[in-house]
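Listed below are the residues making up each chain.
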Amino acid sequence: MAAPASDTAAQLRAATVGFDSIFANELEEARETFASGDSPFHSLGLGVCAFLEAALGMETTLMAEASRLLALAEAGAKKQLKLAKSFENTTQFPPGTEWELLHSDAVILLGLTHALSESYMGYLQCLYAMNTAHTKYSKLYKTVYPNGLENYATPAASSANSRAASIRSEASGSSSPVSTSKPARSSFFSRLTGATLSVPQTPHVPIIAQEGTIDELILSGTAFGYSLFNLVFSLLPAKIRGVVGFLGFNHDRKLALQALAVSAAKTDVHAVFAGLSLMTYHGVVLLLSGYQANEAHIIKQYRAIVDKLESRYPTGSLWILNRAKILRMSYDPDGAIKVLQDGLVPGRPHTFAQADGLLVFELAWTLLSQRRYQEAADAFIRVTEINSWSHATYYFIAAGCYISLKNYEKAQELMDRIPDLIDKKKIGGKDLPTEVFIKKKLAFYREQQLQLTGSEDDFVHSVKISPAEELAIFWNTHSRITKDTAIAHLKDWATCLNHPPTIETALLKEYLPTLTEPIGEAASAPADTADELAIQSLLLGITHRTAGDFPGAHAFLADAEARQASVKVSTWVGGVAWFEHAVLDLKEMEARGTASEAAGLATAVNGEWARALKGALEKLDKALALATQQVDLSSRLDSRIAMLKDEIALKKEMLGIAA
């Protein structure tokens, strides 16, 4: 029989204690709490524990247990839903809405668990589950938020030109008293299920719910679940978005961010996951989009969410991680490193190893960005002791750190272990994208060494540009560093090949005034390869931009673009160079615009912005054209392009420039 309303509330409160333990890094304590009850809330909690361990640490061995526990939660919620009408309704929503929500939560987590199994059947099961959950969340959204999300509180107030203030979508409500809802776009699954994303648009008074109640669970959970679909699908590469659009998964990123913010303002478990989702999104955009239309607002929203959750769970690794990310994105890498190292001290709770693994991963990249190569190498190797994802990638980066330290013996030792590590980790029988990249680089290094010495032995001596720094391009590591660090990189990369760059820049003249073509015996050194020259120009273009030498950055990025036709292995360079060039246009315009606005020339600035935005979009189209499936890590570039296009659209909206 369905639980009476009083029992349901009590079960929710009891299970919430377990979720609090998860967020405080006490995973074993959480399991004990969830195991002490038999409600669907408790079953879901046990499933979440196993899912988080598997997903954060890529531990496929935990998938079966997570699937079993989530299936129990799904069955329990479904049973309660059928019996819900037997009791008097004590919520502000139709009877059984809470069980419909819990059932949807279990379905989507079960679907994601299937995907983590890394099998074709798992992917098909995931797609089916996502379609089911999408239909359920769409129905719930219409029931719980019939008039949209306007006037619901969010964690941080927004300025007139902020993202939240610019949100006006067909599903979020309208400031007009007249309903103007648009017909929903038809699609394959929507024609079969009737599920669409169109909802009415009328002014409304927000529903008020007390903290810890079933009503709050419903409000927060519905906003979270519905928004998660929109956000995830909006971030997929363009080609995949076309497929899921055919299957009925339409998306609205603005609505997703607003809905997540509404959920994050609550206090239930969904609010915490919504906050985590927003933090992850803000962190990804700050790190990978290259340029932000309103960076100050992103950081303000990001910090408000972290402050709220960190005050509630001060020992939680996930909040410590995001505190460090904010510092790193705010150009305080030393502060970020201290926060991460403090979060990993032995005295803290460490029963959630996978969450701690994220701290080590972030620490490793931050140390690398600061050229602390020995510490970075140690951190990347430490990551392999915590999770099972692509040990070959971590070894490759660590080897690059040792090359920068000129410890070639250790670098070769790590490189020699990589082929066996790659054979142990495949998705669907295929190498991971980073490992495809690594295999090509290893072959390139061996070929170079063979040409130089007649043997492939000790091939790390043929490496001119650290593979750690090369992979760091894809993580945008060189954009949020100090000018001093950028100059240190510039000195290394301008002198790393057999011959110096032919491009002259103000920075090179200032910091490497004696940089000239070698003479005598040194001049007979072998010619540098097209791949090496293209990567060198890309890195020098990025570091010139970071250091504020925009003309120098233009020159080197244009050189990298021009070499695309001649590269043999690093075919990814051209697309990335065009992307970085688009970012350069925007950053240069922002610097020029700030100066012009200070001089009272705001009107002229808008015209310049329009030209800069148009030029950036043209460069992004060229980058996307080069991001074919045959190019290494092209899906990552595809996603970065989509993010930057969104930022450009927002900038146009802020400036009043027609789309």
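Refer to the structure above for everything that follows.
Residues numbered from 1 in each chain as written. Predicted model: local features only at pLDDT ≥ 70, side-chain atom pairs only at ≥ 80, totals over all residues. Heavy atoms only, no water.

Turning to the pattern of salt bridges, a few remarks are in order. Enumeration according to the criterion identifies 25 salt bridges in this entry. Across the pair Glu-295 and Arg-480 runs a salt bridge whose closest N-O atoms are separated by 3.1 Å. Here Glu-295 is found in helix H12 (residues 295–312), whereas its partner Arg-480 is found in the loop between helix H20 (467–474) and helix H21 (483–493), with 185 residues between them in sequence. Since its relative accessible area comes to 23%, Glu-295 is described here as partly exposed. Take Arg-480: its relative accessible area is 8%, and that puts it in the buried class. (Salt bridge = Lys/Arg side-chain N within 4 Å of Asp/Glu carboxyl O. Helix = DSSP H or I, 4+ residues; strand = E, 2+ residues; numbered from the N terminus. Buried < 20%, exposed > 50% of the residue type's maximum accessible area, 1.4 Å probe, protein only.)

Once that is clear, we can look at helix H14 (residues 333–343). Taken together, the buried positions of H14 are occupied by Pro-333, Gly-335, Ala-336, Ile-337, Leu-340 and Gly-343. On its buried face, H14 is in contact with helix H13 (317–329) and helix H15 (353–369). (Contact = heavy atoms within 4.5 Å.)

Scanning the model with the defined rule gives 4 cavities of 30 Å³ or more in all. If you add up the space inside the second largest cavity, you get close to 80 Å³. Along its surface, the second largest cavity is lined by Lys-441, Phe-444, Tyr-445, Ser-462, Val-463, Lys-464, Ile-465, Glu-470, Asp-531, Glu-532 and Ile-535. At the level of elements, helix H19 (433–453) and helix H23 (530–547) are the ones that each hand at least two residues to the lining of the second largest cavity. (1 Å grid on protein atoms, 1.4 Å probe; cavity = no way out; pocket = protein on both sides within 12 Å on 5 of 7 lines; lining within 4 Å. Points joined across faces, edges and corners; volume = space filled by probe spheres on them.)

Viewed as axis vectors pointing N to C, H15 and helix H16 (residues 373–384) meet at an angle of 155°, and their least axial separation amounts to 8 Å. For the element pair H15 / H16, the angle class is roughly antiparallel. Along this stretch, H15 crosses H16, giving a crossing that reads as left-handed. Of H16, the residues touching H15 (which contributes Val-360, Phe-361, Ala-364, Trp-365, Leu-367 and Leu-368) are Tyr-373, Glu-375, Ala-376, Ala-379, Phe-380, Arg-382 and Val-383. When its residues are assigned to classes, the contact of H15 with H16 shows 11 nonpolar, no polar and 2 charged. (Axes fitted to C-alpha atoms, helices over the stretch in contact; angles between N-to-C directions. Parallel < 35°, antiparallel > 145°, perpendicular 65-115°, else oblique. Left-handed = near helix turned anticlockwise from the far one by under 90°. Nonpolar A, V, L, I, M, F, W, Y, C, P; charged D, E, K, R; others polar.)

Further remarks concern the nonpolar core. Grouped together as the largest cluster of nonpolar side chains are 105 residues, with contacts concentrated most on Leu-368, Phe-396, Met-415, Ile-418, Leu-538, Trp-572 and Leu-644. When neighbours within four sequence positions are excluded, Trp-572 is seen to be in contact with Phe-437, Glu-470, Ile-473, Phe-474, Ile-535, Leu-538, Val-631 and Asp-632. Counting residues in each nonpolar core, the second largest holds 82 residues, with Val-144, Val-262, Tyr-302 and Met-643 among its members. (Core = buried A, V, L, I, M, F, W, Y, C linked by side-chain atoms within 4.5 Å.)

It is worth spelling out the packing of aromatic side chains at this point. Each aromatic ring pair is characterised by the separation of its centres together with the angle its planes make. Taken as a whole, this structure holds 21 aromatic pairs when the rule is applied. Note on Tyr-291 and Trp-609: the rings are 6.4 Å apart at their centroids and 45° apart in plane angle, and the pair reads as tilted. Highlighted residues: Tyr-291 in the loop between helix H11 (269–288) and H12 and Trp-609 in helix H26 (residues 602–626), separated in sequence by 318 residues. Judged by its relative accessible area of 1%, Tyr-291 falls in the buried class. Chaining the aromatic ring pairs together yields one cluster made of Phe-23, Phe-224, Phe-273, Tyr-313 and Trp-319. Arg-636 extends its terminal NZ or CZ atom over the ring of Trp-475, reaching a point 4.2 Å from the ring centre. (Phe/Tyr/Trp six-rings, centres within 6.5 Å; stacked < 30°, edge-to-face > 60°. Lys NZ or Arg CZ within 6 Å of the ring centre and 35° of its normal.)

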